[in-house]
Amino acid sequence: MLSVTKHPLNKPDLETVIKSFSKSLSNNFKEYSVKVVDCPDLTVSPWNLAQPGLCGAPSVADVGGVPNLIPTPKVEKQYNLDMVADSCGLPGCYVIGPSAVASKLLGKNAELVNNVKTGKDGVVKSMYTKIVGDKEDVFECKKYPHNEFGLLGNLFLCRGQPGKVIHVTAKFRTGSLNFISCLNRGLAEDIPDPVAVGGTFLLTNGKAKLHVMPGFSSCPLNSDDDVNNWLRFFEMSGPLTHTSVFVSKDPGLDLRLEHSHCFSEHGEGGHYHYDTTPDTVCYEGYFNLADSIFRVDPPSETHMIGRD
């Protein structure tokens, strides 16, 4: 069983979150809307999730961490989603969220969107994006038929059930914050206690700056500049379907506060940084608040490099 620390959260009411999101969005987007809705069926295109909803024992799990990748990779750090679910007391739950692939299965490092119903009746609809070719300037986005990942993961766990969620739309960015940072900034400024959020969002129109990890670095990555020189950056076009986890404040668990990966039906995907077309960009997302944060197998030594 994995080492796990559970941190129950003092969840704010949804109306408080709506006000916080709305205030922050008003400073960063020309048009926006925030409301509580019944979660639609997220198994349909272009969401393509493995379960219809985001409700039922919602929780966030931060597994491993960036120090397992940087400065040098600890390739032995491989995780099984069934084991993570069991360790968090949620056997058979639905799991979405960004991570690295299990390199032992894929043969190299890559970006992963976990999209898995765990348990005996499991469903795996995950997608990965990897670098191909000697010049490391080409990528491919493909199905990932495994429930294992490596190094680090920021995961949203729930029963995949219908229920009330927060629906957010935003168009035409006027501020400097990306979509998720905008929402998270509002929570951090307005709500004293930590708030953890998970869900999915679409970049429905426009383009975004994404990165895709190449093969593991042959030399240690000792700074953010080292990391950025190693990563491969691309501009990719919507619609892009993201899974995302963000936490407004770290309650002393050494958390990654924001992390989003995406895939698409047209073969593009990776790690989301920000949109590059503020005048035309459109976002739509569905989110739920976590009851608890689970810190799973934290690295024994930590740092803040490479957490963008």
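A brief report on the enclosed structure follows.

Basis of the calculations
- Residues numbered from 1 in each chain as written.
- Predicted model: local features only at pLDDT ≥ 70, side-chain atom pairs only at ≥ 80, totals over all residues.
- Heavy atoms only, no water.
- Phe/Tyr/Trp six-rings, centres within 6.5 Å; stacked < 30°, edge-to-face > 60°.
- Helix = DSSP H or I, 4+ residues; strand = E, 2+ residues; numbered from the N terminus.
- Buried < 20%, exposed > 50% of the residue type's maximum accessible area, 1.4 Å probe, protein only.
- Expected span 1.5 Å × (residues − 1).
- Polar contact = N/O pair within 3.5 Å; in protein donor to acceptor, adjacent residues only side chain to side chain.
- Pairing = 2+ DSSP bridges.
- 1 Å grid on protein atoms, 1.4 Å probe; cavity = no way out; pocket = protein on both sides within 12 Å on 5 of 7 lines; lining within 4 Å.
- Points joined across faces, edges and corners; volume = space filled by probe spheres on them.
- Nonpolar A, V, L, I, M, F, W, Y, C, P; charged D, E, K, R; others polar.

1. Let's talk about the packing of aromatic side chains
As enumerated under the stated definition, the model contains 13 aromatic pairs in all. Arranged with centres 4.9 Å apart and planes meeting at 70°, the rings of F139 and F234 form a pair that is edge-to-face. You can see F139 sitting in strand β9 (residues 138-144) and its partner F234 sitting in strand β14 (residues 232-237), a full 95 residues away along the chain. On the basis of relative accessible area, F234 is assigned to the buried category, the value being 16%. Both rings, one in F246 and one in F287, keep their centres 5.9 Å apart while their planes meet at 75°; by these two values the pair is edge-to-face. Here the residue F246 occupies a position in strand β15 (residues 240-247), and F287 occupies one in strand β18 (residues 282-289), the gap between them amounting to 41 residues. F287 shares its class with F246; the two are buried.

2. Points about helix α1 (residues 14-26)
Think of an α-helix as 3.6 residues a turn; residues three or four steps apart then line up on the same face. With 13 residues, α1 should cover 18 Å at 1.5 Å per step; its first-to-last C-alpha distance of 18 Å lies within 8% of that length. Along α1, the residues classified as buried are V17, I18, S20, F21, S22, S24 and L25. For α1, the side-chain oxygen to backbone nitrogen distance between the N-cap and E15 is 3.1 Å, and the N-cap itself is D13.

3. Observations concerning helix α4 (residues 179-190)
With twelve residues, α4 ought to run about 16 Å at 1.5 Å a step, and its terminal C-alpha atoms sit 17 Å apart, in line with that. Three or more residues of α4 are buried, namely F179, I180, S181, C182, L183, N184, G186 and L187. Capping the start of α4, N178 holds a side-chain oxygen 3.0 Å from the backbone nitrogen of I180, two or three residues further along.

4. So, the pairing of strand β12 (residues 196-205)
Taking burial as the measure, the ten residues of β12 include eight buried ones, the bulk of the element. As defined by bridge partners, β12 adjoins β15 across eight bridges and the pair is classed as antiparallel. Its bridge partner being in β15, A196 is matched across the sheet by V247. Note that β12 and β18 share eight bridges and pair antiparallel.

5. Describing empty space enclosed by the protein
As enumerated under the stated definition, the model contains four cavities of 30 Å³ or more in all. Taken as a whole, the largest cavity holds about 70 Å³ of empty space. For the largest cavity, the lining is made up of 13 residues, of which D62, G65, V66, R256 and R307 are closest to its centre. Every element with two or more residues in the lining of the largest cavity is listed here: β3 (59-64) and β10 (148-158). In terms of residue count, the dominant contributor to the lining of the largest cavity is β10 (three residues). Tallied by class, residues from the lining of the largest cavity come to five nonpolar, three polar and five charged.

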